[in-house]
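Commentary on secondary and tertiary structure
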Amino acid sequence: MIQQQPNIVTVMQTRRGSSRLPDKVLMCVAGKPLFVRQAERMMVSVLCGTVVVATTTDSIDDLIEYICKKEGLKCFRGHPTDLIDRHYKAAKYYDADIVVKIPSDCPLISPEIIDRVIGYYLENNNIFDFVSNLHPATYPDGNDVEVMSITALEDAWLHATKPFEREHTTPYIWERPDRFNVGNVRMENGEDLSMLHRWTIDYKEDFYFIKKVFNELFSVNPLFSYKDVLLLLKKREDIYRINSQLAGVNWYRHHLDELKTVTPQQTKILEQ
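Before going into details, it helps to say that this report is about the structure given with it. (Residues numbered from 1 in each chain as written. Predicted model: local features only at pLDDT ≥ 70, side-chain atom pairs only at ≥ 80, totals over all residues. Heavy atoms only, no water.)

Re the sheet that holds strand S4 (residues 50–56)
Each strand in a sheet pairs with another by means of backbone hydrogen bonds, the pair being arranged parallel or else antiparallel. If you walk across this open sheet you meet the seven strands as S5-S4-S1-S6-S8-S7-S9, and the pairing is mixed. Among the strands making up the open sheet, the edge pair consists of strand S5 (74–78) and strand S9 (182–184). For this sheet the average axis-to-axis angle between neighbouring strands, irrespective of direction, equals 25 degrees. The pairing of strand S7 (residues 130–132) with S9 spans three bridges and is parallel. Among the inter-strand pairings, Phe130 is bridged to a residue of S9, identified as Val182. Contacting S4 and S5, helix H2 (residues 62–71) runs over the sheet at an angle of about 160 degrees to S5. (Pairing = 2+ DSSP bridges. Helix = DSSP H or I, 4+ residues; strand = E, 2+ residues; numbered from the N terminus. Axes fitted to C-alpha atoms, helices over the stretch in contact; angles between N-to-C directions. Contact = heavy atoms within 4.5 Å.)

Here it is as structure tokens:
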């Protein structure tokens, strides 16, 4: 009997209402909005399956849906603040067996990293309910890939009660090693660059950095890899310095008293 391949759905949550940097997903690099450029990079992944832009039902995000239609991207609209609910319902709508979570603030993410994390999950899906490259993180911040079974996500959807669990989707899973088997993928060469490099976007300096990287690499190879970015930054310290003061600043810093599997060394307080 031929075993049916699991249906993989990769969800990129996307909205306009960022409090720190409003409309960051619509900022343009290489002539298109950031979230479109990120979706293009994600869809090159061999294993990502169906890529879905999951935005909100707020009217402000009508523009996200319009751009998705224009660019030929799949779009799902769901709860504005309950990210577990939005992810779960998007996954169910597209009949997922396996759900991949990649936030829309990772426009430099490499398809090879996506494939490496999903591949590890598929090779060990009889062992792990959840696999990521974040616990602990070793890749440069902004290469976030989390893979889980629809069963694990449904469990979180049904039982997560803390506000930060609903907002960030997956802490309910990776904070409960007694309930879920959790796996992690580290950088290939054993390096840990997670607190030294910041390729995500929350502040204007992040956008200047990302735009500069695109300006330098996109025309040579639109699908430049994370290795290309690292090589560029070794040659161009001026680009690295654009947002280097923000390296290590992440959402963990707000919840260290609630997170059991995250240490203070895995985040940094933003200096005013």
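A closer look at the pattern of salt bridges
Side-chain pairs of opposite charge can arise whenever the charged atoms involved come near each other. What the rule picks out here adds up to 21 salt bridges. Ionic pairing is found between Arg16 and Asp23, a salt bridge with its closest N-O pair at 2.7 Å. Residue class for Arg16 comes out buried when judged on its relative accessible area of 19%. In this structure, Glu40 engages Arg37 in a salt bridge whose closest nitrogen and oxygen atoms are separated by 2.8 Å. Pair noted here: Glu40 and Arg37 are both in helix H1 (residues 34–43), with a separation of three residues, about one helical turn. (Salt bridge = Lys/Arg side-chain N within 4 Å of Asp/Glu carboxyl O. Buried < 20%, exposed > 50% of the residue type's maximum accessible area, 1.4 Å probe, protein only.)

Regarding the packing of helix H8 (residues 204–217) against helix H9 (residues 226–235)
Each pair of packed helices can be described by the angle between their axes along with the distance between the axes. Across the interface, H8 lies against H9 with an axial gap of 11 Å and an inter-helix angle of 100 degrees. For the element pair H8 / H9, the angle class is roughly perpendicular. Taking contact as the criterion, the partners of Phe209, Val213, Glu216 and Leu217 in H8 are, on H9, Asp228, Val229, Leu232 and Leu233. (Parallel < 35°, antiparallel > 145°, perpendicular 65-115°, else oblique.)

Observations regarding the environment of Thr263
Locating Thr263 in the fold gives a position in the segment after helix H10 (237–240). When the C-alpha positions of Thr263 and Arg253 are compared, they lie 9.5 Å apart, and in sequence the two are ten residues distant.

A short note on the pairing of strand S6 (residues 98–101)
With burial as the criterion, each face of S6 is covered, one bearing Ile98 and Val100 and the other bearing Val99 and Lys101. Across four bridges, the pairing between strand S1 (residues 8–13) and S6 is parallel. Note on S6: the bridge partner recorded for Ile8 is Ile98. Bridge count between S6 and strand S8 (residues 146–149): four bridges; the pairing is antiparallel.

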